[in-house]
Amino acid sequence: MNRRALQLGIIAIIVIAVVAGAVYYMTQEGERGELLVYVYDSFMAYGKEGEKKLDTLIRSFEEKYNINVTVKKFDSAQDAYNAVLNEIELGKKTADVIIGITPSLAAEGKKKGIFEKIDVDVSNVNRTVMSILDPEGYVIPLDYSYLAMIVDTDRLNVTDLSLEDFALSSELASKLIVINPTTSGTGLEFLYWQYAYYEYILGENWTVWWKSIINKAYVASSWSSAFDIFYGDQNRPIMVSYATDPAYSYYFYNSTNLRAFVSHHEGYYYGWMYVEGVAVIKGTEHLKEAKLFVEYLLSEDFQKEIPLNNWMYPVIPVALPEAYKYALDTSKVIPLNDKIPPESIEALKKYLTVEWLKIIKE
C-alpha cells in the first residue's frame, strides 16, 4: 500500500469514528428521559446550602438515571396542587410528579382521580405515617413531624403549655401567632389538631377555643409570615409551628431558647402528625421516570438529607443528627389523626374552614 492510500485509509477510519461517536452521542442524548416536578419553594431549602441542596440532589438523580428533571416551584403545596387541577381542566401540560401532598390534598386528589397509583417498594416506610397520609398508596409519604406550639423562653418563661391554656388566659392568647387555615397547609393541619383535641379529648365544641382567642391572637397568612412575626415582634413569642424547631435553632445558632409543646390532658400528650407525600399525576407520559424518581426520594441517599434540610423526620430508618436531641420528644405523643379518617377529611375541611371564616368575621 502506497503512502497516499495509507493516508486516505487513516482519514476514512477517523471520519467513521467521528461519525459513529456523534451518532452514539445523539442517540444517548435522545434516550434521556424527561420529568416535570411541581414542589413548594421551601422544600429542602432550610439547610446550610439553602435552595442549592435540592438542586444538588436532583442532579444526582439525573446523572444516575439519565433523566432530565425540570422543577417548577410554587409558594405552597396547595398552589402546586391547584396548578395541576387547572392545567388538567384546560388540557395543558402539567406535572408528572408533585411533592408536598398532605392528607387532605391526598383525599381530594384521589376523589378527583388525578393521582396514578404506582408500584414502589414501601416495605421500609413508617407504617403509621402511611396510614395517616393514604392507606391505599396513591400518595407516598416523604417526611413527617408533629405540629407544636413553639415558645421563645427568652421572652416568655413557661415550662408547661396546652391548647386550652390560651382560651383561659387573654394575656397568653395575645402572645400567640396562629396561621390562616384557608391560605396555609400548616394552618389547616393545626385546625384539624385543635378540632380533634377539643371534640374528642376534652369533649367540648371546637369553636369555643377560636371564639376565645381570635381577637387576641395574630392570624398570619402563611408559616413563613408567622415566622417573620415571631422573630420580629417582641410581644409575640409563641407561634404554631413544628416539633423540630428547637433542633433547627440549636443547629444554626447554638441556641436552646426555643421549646415545643403539644396538648396534654389527664397525664397524656396529644398532637397532630403533619405528613408530606409525593404523587404521580395520572396520565403522565413519563411513568417509568416518575416511578424511579419516587424510589429515589425514598432512598437513604435522599432521606438522610431531610432532617437538616427540611427539618422533618425521614420516613425510613435513618440515623438522626445530634441537633435532634433538642427537638420535642414525640415518643409519648398520641397522634390524633386517627380521629379523622382519610375518607372524611375532605368534607371536614370544608366544614371547618367555612365555620372558621364565620368566627373571624364576627
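Below, the structure is looked at part by part.

**Quick look at the overall build of the protein**
Step number 1: Looking only at helices and strands, the protein features 15 helices and 14 strands.
Step number 2: By the burial criterion, 52% of the 362 residues in the protein qualify as buried.
Step number 3: Partitioning the intrachain contacts of the protein with sequence separation of at least 6 by distance along the chain shows that 77% fall at a separation of at least 24.
Step number 4: Per element, the accessible surface of the protein, about 17400 Å² overall, is 50% carbon and sulfur.
Step number 5: Across the protein, the 34 positively charged side chains and the 48 negatively charged ones have centroids separated by 4 Å.

**Considerations on helix H8 (residues 185-202)**
Step number 1: When the terminal C-alpha atoms of H8 are compared, their 25 Å separation across 18 residues agrees well with the 26 Å that a helix rising 1.5 Å per residue should span.
Step number 2: Burial analysis of H8 places 15 of its 18 residues in the buried class, which makes it a mostly covered element.
Step number 3: Capping the start of H8, Ser184 holds a side-chain oxygen 3.2 Å from the backbone nitrogen of Thr186, two or three residues further along.
Step number 4: One or two steps after H8, the chain reaches Gly203, where phi turns positive at roughly 70°.

**Examining the pattern of salt bridges**
Step number 1: The final tally for this structure, using the stated rule, is 10 salt bridges.
Step number 2: For the salt bridge of Glu305 with Lys53, the shortest nitrogen-to-oxygen distance reads 3.3 Å. One end of the pair, Glu305, is in the loop between helix H13 (300-303) and helix H14 (306-309); the other, Lys53, is in helix H2 (residues 52-65), and 252 residues separate them in sequence. The burial state of Glu305 is the same as that of Lys53; both residues are buried.

**Description of the sheet that holds strand E10 (residues 263-265)**
Step number 1: If you walk across this open sheet you meet the three strands as E10-E11-E14, and the pairing is mixed. Taken across any chain shown, the strands that pair with only one partner, and hence form the sheet edges, are E10 and strand E14 (333-335). When the angles between neighbouring strand axes are averaged without regard to direction, this sheet yields 40°.
Step number 2: As paired strands, strand E11 (residues 268-271) and E14 are joined by three bridges and run parallel to one another. Paired with Tyr269 across the bridge in E14 is Val333.
Step number 3: On the sheet, H8 packs against E10 and E11 and is oriented at approximately 0° with respect to E10.

Rules and cut-offs
Residues numbered from 1 in each chain as written. Predicted model: local features only at pLDDT ≥ 70, side-chain atom pairs only at ≥ 80, totals over all residues. Heavy atoms only, no water. Helix = DSSP H or I, 4+ residues; strand = E, 2+ residues; numbered from the N terminus. Buried < 20%, exposed > 50% of the residue type's maximum accessible area, 1.4 Å probe, protein only. Contact = heavy atoms within 4.5 Å. Areas by Shrake-Rupley, 256 points an atom, 1.4 Å probe, with all protein chains shown as cover. Lys, Arg positive; Asp, Glu negative; His and termini not counted. Charge placed at Lys NZ, Arg CZ, Asp CG, Glu CD. Expected span 1.5 Å × (residues − 1). Polar contact = N/O pair within 3.5 Å; in protein donor to acceptor, adjacent residues only side chain to side chain. Salt bridge = Lys/Arg side-chain N within 4 Å of Asp/Glu carboxyl O. Pairing = 2+ DSSP bridges. Axes fitted to C-alpha atoms, helices over the stretch in contact; angles between N-to-C directions.

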